[in-house]
Amino acid sequence: MSEQKIIEIEVLRYLPESDQAPHSEVYKVPFTDDMSVLQGVQYIKDNFDGSLTFRWSCRMAICGSCGMMINGVPKLSCETFIRDYYPRRISVEALDNFPIEKDLVVDLSGFIEKLEAIQPYIIPKEPRTVEQGEYIQTPAQFAEYIQYTSCINCMLCYAACPHTGLDPDFVGPGAMALLHRYNMDSRDGGQAQRMELAASEDGVFVCGATGYCSEVCPKKVDPGNAVNINKINAAKDYFLRFLSPKGGAK
Amino acid sequence: MKTRKRSNAPIFWLLFGGGGMMAALFGPMLVFITGIAVPLGLLLPTGTMSYPNMLAFAQNFIGKGFIFVVIFLFIWHAAHRTFHSAHEIGIHGGPLTKLMTYGVAAVVTVIAGVVLLGLGF
């Protein structure tokens, strides 16, 4: 058997009951080459400190729960491997740009509000009866939005976004990707309703086109593209709303 | 649901985008012509940018338009970029920042327009 390898994992700890501010603690974790950073953190919880708190569920990059700043980069800890950092120390922190609730757990309420605000469901163009049957959608119409359905709400893009850091009310890359997903759906007629948010002062124009959101996205959703396409849509709406028979958004 | 104020950013964003495109298309060549080729007499005759030549260029309808577009879109592009860069380094967009960026761009636009029109056709 080969010699047991040890990695140092530095975890940003914050216990709201006793701590004034977050602080780091370093743990020496034995690991094997098949171990993810999430498993490293689980090892710490099981063997060194049971109070260490973090979110996780699926361990296979589909639930979007285990996002952390790993050596300063927002990543899903379940698909990030310890072996890729060894022998350097790994630093693990709560996602940037979110208030910390405890240790690696961040407060999601702001994100959930943004998610609700974009009306992430199909708003039919007109009421449809059961007798009218199902919607027919061509492969081309499907291709318009399928990429944006891959979002798993892991919020890595928010942690990556410097504009979210500067303007916390910014609707942000993830929610804009979902807004775009519904706008682009041929069954949907809610674009004008969603425009109020997209074109607002908390909307797409807060984005400075840094593009880091799309770089860190584990699902290749390209939320930065969704935001920037909607800058064009919002600009069109700004100037053409006076010509539109419906009057556009307010 | 909370009511949101519509952003006026499209105006500035479109000027920024237009200026960025102009800068990308013409900027490097303008630097080459005005800063390198003409002063050093490379490729172009040394008198290319003489006063009579440039005056004639600025009095021509197309030349006048080109000079105006290059000046006013470049300056709006720079203003918007500066405004946002200031925000990124912690100088947040108050009236003074707006005056120093978009205000300057507006003044330069007016001056460029007035001077170019004053040169006649």
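Residues numbered from 1 in each chain as written. Chains lettered and ligands numbered in written order. Predicted model: local features only at pLDDT ≥ 70, side-chain atom pairs only at ≥ 80, totals over all residues.

Q: Account for the overall build of chain A, naming residues and giving values.
A: A count of helical and extended segments in chain A gives nine helices and seven strands. In terms of principal-axis extent, the alpha carbons of chain A reach across some 70 × 40 × 30 Å. Per-residue burial for chain A yields a buried fraction of 38% across its 250 residues. (Helix = DSSP H or I, 4+ residues; strand = E, 2+ residues; numbered from the N terminus. Buried ≥ 20, exposed ≤ 12 C-beta atoms within 10 Å, placed from the backbone.)

Q: How would you explain the overall build of chain B if you had to name every residue and give the values?
A: In terms of regular secondary structure, chain B is built from four helices and zero strands. Ordering the α and β elements of chain B from the N terminus gives α-α-α-α. The C-alpha atoms of chain B give 18 Å as radius of gyration, which overshoots the globular expectation for 121 residues (14 Å, by more than 25%). With the principal axes as the frame, chain B shows a C-alpha extent of 65 × 30 × 25 Å. Across chain B, every contact between residues at least 6 apart in sequence was considered, and the portion connecting residues at least 24 apart equals 67%. (Rg over C-alpha atoms; globule rule 2.2 N^0.38 Å. Contact = placed C-beta atoms within 7 Å.)

Q: Lay out the domain arrangement of chain A with the relevant residues and their values.
A: All names here are of chain A. Taken domain by domain, chain A comprises domain 1 (5-106) and domain 2 (109-240). Placing the centre of domain 1 and that of domain 2 at their C-alpha centroids yields a distance of 30 Å. Between domain 1 and domain 2, the residue contacts involve 14 residues of the former and 13 residues of the latter. Broken down by secondary-structure element, the contributors of at least two residues to the side of domain 1 that touches domain 2 are β3 (67-70) and β4 (73-76). No other element matches β4, which puts four residues into the side of domain 1 that touches domain 2. (Domains from an automatic or database assignment.)

Q: If you had to explain helix α6 (residues 173-183) of chain A to someone new, which residues and values would you point to?
A: All names here are of chain A. The element α6 is extensively covered by neighbouring structure, given that eleven of its eleven residues are classed as buried. Looking at α6, one finds that the buried residues are P173, G174, A175, M176, A177, L178, L179, H180, R181, Y182 and N183. Residues of α6 that are buried make contact with α2 (109-117), α3 (139-145), α4 (156-160), α7 (191-198), α8 (212-216) and α9 (223-240).

Q: Can you tell me about the packing of helix α1 (residues 9-40) of chain B against helix α3 (residues 61-88) of chain B, naming the residues and giving the values?
A: Residues and elements named next belong to chain B. The N-to-C vectors of α1 and α3 enclose an angle of 120°; their axes lie 7 Å apart at closest approach. Comparing their axes, α3 and α1 come out oblique. Note on packing geometry: the crossing formed by α1 with α3 is left-handed. From α1, F12, L15, F16, G18, G19, G20, M22, A23 and F26 reach across to α3, where they touch V69, V70, L73, F74, W76, H77 and H80. Looking at the contact of α1 with α3, its residues break down into eleven nonpolar, five polar and no charged. (Axes fitted to C-alpha atoms, helices over the stretch in contact; angles between N-to-C directions. Parallel < 35°, antiparallel > 145°, perpendicular 65-115°, else oblique. Left-handed = near helix turned anticlockwise from the far one by under 90°. Nonpolar A, V, L, I, M, F, W, Y, C, P; charged D, E, K, R; others polar.)

Q: Which residues make up the interface of chain B and chain A, and what values go with them?
A: At the junction of the two partners, chain B supplies twelve residues and chain A supplies 17 residues. Listing elements by their share of the side of chain B that touches chain A, those giving two or more residues are α1 and α3 of chain B. Across the side of chain B that touches chain A, the residue classes break down as five nonpolar, three polar and four charged.

Q: Could you give an account of the sheet that holds strand β2 (residues 23-31) of chain A, with specific residues and numbers?
A: Residues and elements named next belong to chain A. Read from one edge to the other, the open sheet built from five strands follows the order β2-β1-β5-β3-β4, with strand pairing classed as mixed. Both outer strands of the open sheet, β2 and β4, are each paired with one neighbouring strand and no more. Across the sheet, the axes of successive neighbouring strands diverge by a mean angle of 35°, strand direction being ignored. The strands touched by helix α1 (residues 37-47) are β1 (5-13), β2, β3 and β5 (90-93); relative to β2, the strand with the most contacts, the crossing angle is about 105°. (Pairing = 2+ DSSP bridges.)

Q: Give a detailed account of the packing of helix α2 (residues 51-59) of chain B against α3(B), specifying residues and quantitative values.
A: All names here are of chain B. At a minimum axis separation of 5 Å, α2 and α3 run at an interaxial angle of 90°. Taken together, α2 and α3 sit at an angle that is classed as roughly perpendicular. Residues F57, A58 and Q59 of α2 touch α3, and the partners they reach there are G63, K64 and I67.

Q: Any chance you could break down α1(B) for me, citing the residues and the numbers?
A: Within α1(B), the axis deviates most sharply at B:F26, by approximately 45°, and proline B:P28 lies no more than four positions further along. Those residues of α1(B) lying buried are B:A9, B:P10, B:F12, B:L15, B:F16, B:G19 and B:M22. On the buried face of α1(B), the contacting elements are α9 of chain A together with α3 and α4 (95-118) of chain B. Taken from the residues just after α1(B), B:G41 is the one with a positive phi, measuring 65°. (Bend = angle between axes of the 7 residues up to and from the residue.)

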